[in-house]
Amino acid sequence: MIRMALPKGRNLETALAAFRAAGIELEGAEGTGRNGRSLIWRLPEEGIEILSLKDWDLPLYVGHGIADCGVVGSDVLEEVDGDLLVPVRLLAGRSRMSLIGREAALPAAGTQVRLATKYPNTARRIVAGRPWGAEILKLSGSIELAPALHLAELALDIVQTGRTLAENHLVEIETVAEVAACLVVNRASYQRHRARLNDWIGRLEAAEVVS
Amino acid sequence: MRVSAALPTGVAALLFESARRRRDAEDRLVAHLRKAGYSEVILPILDYLEPYESLLTPASRGELYRFVDRDGELLALRADFTPMLARLLAPRLDSLALPLRFYYRGDVVRYQEERAGRAREFYQLGAELLGLPGEAAEQEVLRLFLELATAAGGGDLQVVLGFAGALDQLLLTADAADPAALAAAVARRERGEVRRACPRLLSVVENGLPDRPEDLGPEAAGRLQSLLALRDELALAFPQARLTIDLAEFACNSLDSRLSVAEGERPYYDGVVFHAYAGPAALPVGGGGRYDRLFRSLGAEVPAVGFAISLERLLEAKAGEVRP
């Protein structure tokens, strides 16, 4: 039995669709598989058990080997650094992590600003390489409000279509990374389930749903 | 007034039954080590920081608990036994009869981000063999490690073997702007990145071994041959353990300064290197390897091979053999 952790939220459908394209059905037959509220479901014929987890908790479950593998956004992965294997990244549902502000320019060299984000570790790494400095404010959501209401000059956040930004009179100043849902694997689990995982990875590659 | 029994993050008190369990396991392993001709060394928990400065990577520096003593000396809490042993023995080697076989036990303290299961203080028991040349030392130490780990941990032991510098030639001749970043991508098995830079590394990422051993270069290919022979021999002697060679697992264990990276391994291994996983535990329960270059950096020439076992992880793995 191999245990896989799937994220709630936007990466779930991306993950299910990618595995479906590779001929691996993770939802299970009606009545036995996923329903609206179940947090664990089993696919006995496939020898898979699925855990439904929040993005931010998923690397911890995989890191501890409670789940052997999982799918999680690279934004979360970069932020929590769990020493996981990252064999492939899903192509669908990609977005970008960007610096956002009220004006289309980065702070001038030598200035100190405030930067609001859900990703303080990533933000610290980015700011370390800039000629300007920033005090990092960690927020849990609605990051766009921070620059819009002058809590901070900048925000670091995920941008998908840019519509929320436009509605709040904000601009995407600079894209700092592409964000993709990643297949992550626990190191010890990779040693134990190598053949199975390599088969899945091969099928995902053949279906051209990963890079 | 009621006092709180709370402890700082990452440390634990073992009371009663859990203390007994650990001491029992420790006693068994120590008896085994003594029988194998290893004698004990006891090391201090505090040491100067200065002798280790050149051995530290940014990652291992970040793990240190260091402070200024009242007399102004910069000190650190023990984070690793092996460099301390090497520093104490290097200046004395001329007057000691080789080979030396010894073991140690005690706590090491390393700062880890606050995440459950990543203890900041953990108990290690390890052994070192100094001054026995050639493969005989690697064979003796690996056998001893397997004996101890199978005795303490029960079944489902998986030992992953490799050697430092195995992938250096492939990594340095790959089409990569930053070969050290490519080494990290191999260690994380990032196939897209590896395929772009060096398709010949893909089979290493998948199966731990290259399709054509000669791609590693003549010296590394020869070492791989001897490691395969050693693996087969040990697999016969320890049928209850699974022994695999996986060069990707140790991609960051390089012998070339252009590939030295901040993350991962203790940076001093320069020969055979190994990890062991047990039960469903995600972190290695032990590991070790050859570290002649650690002594060389301290001005001494001596062959050195050793290992450390994390006793708590091994006991946890045994307790959790059936995953919930």
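Residues numbered from 1 in each chain as written. Chains lettered and ligands numbered in written order. Predicted model: local features only at pLDDT ≥ 70, side-chain atom pairs only at ≥ 80, totals over all residues.

Turning next to the overall build of chain B. Within chain B, the regular secondary structure consists of 11 helices and 11 strands. Relative to its length of 324 residues, chain B is compact, with a C-alpha radius of gyration of 20 Å against a globular reference of 20 Å. Across the 324 residues that make up chain B, the buried fraction comes to 40%. Sequence separation of at least 24 residues holds for 69% of the intrachain contacts in chain B that already meet a minimum separation of 6. (Helix = DSSP H or I, 4+ residues; strand = E, 2+ residues; numbered from the N terminus. Rg over C-alpha atoms; globule rule 2.2 N^0.38 Å. Buried ≥ 20, exposed ≤ 12 C-beta atoms within 10 Å, placed from the backbone. Contact = placed C-beta atoms within 7 Å.)

We now examine the overall build of chain A. Of the regular secondary structure elements, chain A holds 8 helices and 11 strands. In terms of overall dimensions, chain A has C-alpha extents of about 60 × 35 × 30 Å along its principal axes. Residue burial in chain A is summarised as follows: out of 211 residues, 40% are buried. For chain A, the proportion of contacts with a sequence separation of at least 24, taken over those separated by at least 6, is 67%.

Before going further, it helps to examine the pairing of strand 2 (residues 40-43) of chain A. Residues and elements named next belong to chain A. One ladder, built from 4 bridges, connects strand 2 with strand 3 (residues 48-53); its direction is antiparallel. Its bridge partner being in strand 3, Trp-41 is matched across the sheet by Ile-50. Linking strand 2 back to strand 3 in an antiparallel pair, the connection comprises 4 residues, with Gly-47 at a positive phi of about 70 degrees. (Pairing = 2+ DSSP bridges.)

Here we take up the confidence of the model for chain B. All names here are of chain B. Overall, the prediction assigns chain B a mean pLDDT of 91, with 94% of residues at 70 or greater. Here helix 11 (residues 311-319) stands out as the least confident element of chain B, with mean pLDDT 82; strand 1 (residues 39-40) is the most confident, with 98. For this predicted complex, the interface confidence reaches an ipTM of 0.89, while the overall pTM sits at 0.91. (pLDDT = per-residue confidence, 0-100.)

Think of interface size as the accessible area that goes away when the parts come together; that is how it is often given. All names here are of chain A. The domain architecture assigned to chain A consists of domain 1 (2-93 + 180-206) and domain 2 (95-179). One C-alpha centre belongs to domain 1, the other to domain 2; they are set 30 Å apart. Facing 6 residues of domain 1, the contacting portion of domain 2 comprises 7 residues. Sort the elements by how many residues they give to the side of domain 1 that touches domain 2 and helix 3 (residues 74-80) lands first, with 4 residues. By residue class, the composition of the side of domain 1 that touches domain 2 is 1 nonpolar, 2 polar and 3 charged. (Domains from an automatic or database assignment. Nonpolar A, V, L, I, M, F, W, Y, C, P; charged D, E, K, R; others polar.)

So, about the sheet that holds strand 7 (residues 112-117) of chain A. What holds strands together in a sheet is hydrogen bonding between their backbones, with the strands either parallel or antiparallel. Residues and elements named next belong to chain A. Within the open sheet, the 5 strands sit side by side as 8-7-9-6-10. Their pairing is mixed. A strand with exactly one partner marks an edge of an open sheet, and here the two such strands are strand 8 (133-138) and strand 10 (171-179). Adjacent strand axes in the sheet meet at a mean angle of 30 degrees when their direction is disregarded. As judged from the 6 bridges shared by strand 6 (residues 95-101) and strand 9 (residues 154-159), these two strands associate in the antiparallel manner. Each bridged residue has a counterpart across the sheet, and for Ser-98 the counterpart in strand 9 is Asp-157. The strands touched by helix 4 (residues 120-128) within the sheet are strand 7, strand 8, strand 9 and strand 10, with strand 8 carrying the most contacts at an inclination of about 175 degrees. (Axes fitted to C-alpha atoms, helices over the stretch in contact; angles between N-to-C directions.)

Residues and elements named next belong to chain B. As summarised here, the arrangement of the 3 strands in space is 2-4-3, forming an open sheet in which the pairing is antiparallel. Edge positions in the sheet fall to strand 2 (46-48) and strand 3 (66-68), since each has one partner strand and no second. On average, each strand axis in the sheet is inclined to that of its neighbour by 35 degrees, with strand direction left out of account. Judged from the 3 bridges that link them, strand 2 and strand 4 (residues 74-77) form a sheet pairing that is antiparallel.

Turning our eyes to something else, we now look at the interface of chain A and chain B. Taken together, the contacts link 17 residues of chain A with 15 residues of chain B. Ranked by the residues each element gives to the side of chain A that touches chain B, the list is headed by strand 5 (residues 85-89) of chain A, at 5 residues. Tallied by class, residues from the side of chain A that touches chain B come to 7 nonpolar, 7 polar and 3 charged.

This part is about helix 1 (residues 10-21) of chain A. Working note: α-helix, 3.6 residues per turn, so residues spaced by three or four point in the same direction. Residue and element names in this part refer to chain A. Here helix 1 contains 12 residues, and its C-alpha end-to-end distance of 18 Å stays within 8% of the 16 Å for a straight helix at 1.5 Å per residue. Taken as a whole, helix 1 has its buried residues at Asn-11, Thr-14, Ala-15, Ala-18 and Phe-19. Along the axis of helix 1, the buried positions cluster into a sector of 125 degrees, meaning they face one direction only. Turning to helix 1, the residues buried within the fold contact strand 1 (2-7), strand 4 (69-73), strand 11 (181-185) and helix 8 (194-206). At the C-terminal side of helix 1, Gly-23 shows a positive phi close to 85 degrees. (Expected span 1.5 Å × (residues − 1). Arc of directions from axis to C-beta.)

All names here are of chain B. Domain boundaries in chain B define domain 1 (9-163 + 274-324) and domain 2 (165-268). For domain 1 versus domain 2, the separation of C-alpha centres amounts to 24 Å. Each partner contributes residues to the interface: domain 1 has 24 residues there, and domain 2 has 24 residues. Only helix 2 (58-63), helix 4 (135-153), strand 7 (157-163) and helix 10 (292-297) provide two or more residues apiece to the side of domain 1 that touches domain 2. Residues belonging to the side of domain 1 that touches domain 2 are distributed by class as follows: 12 nonpolar, 7 polar and 5 charged.

A few words on the nonpolar core. Core analysis: the largest hydrophobic core is formed by 86 residues, its most contacted members being Ala149(B), Val159(B), Val186(B), Ala251(B), Val285(B), Ile309(B) and Leu314(B). In terms of residue count, helix 4 of chain B provides more of this core than any other element does, 9 residues in total. Counting contributing residues, this core receives three or more from each of domain 1 (9-163 + 274-324) and domain 2 (165-268) of chain B. Those residues in contact with Ile309(B) that sit more than four places away from it in its chain are Gln124(B), Leu125(B), Gly126(B), Leu148(B), Ala149(B), Val285(B), Gly286(B) and Leu314(B). Membership of the second largest hydrophobic core comes to 57 residues, among which are Tyr61(A), Val71(A), Ala152(A) and Leu197(A). (Core = buried A, V, L, I, M, F, W, Y, C linked by C-beta atoms within 7 Å.)

Attention now goes to the environment of Val185(A). Residue and element names in this part refer to chain A. Mapping Val-185 onto the fold places it in strand 11. We classify Val-185 as buried; it has 26 C-beta atoms within 10 Å. The spatial distance from the C-alpha of Val-185 to the C-alpha of Val-71 is 8.8 Å, given a sequence separation of 114 residues.

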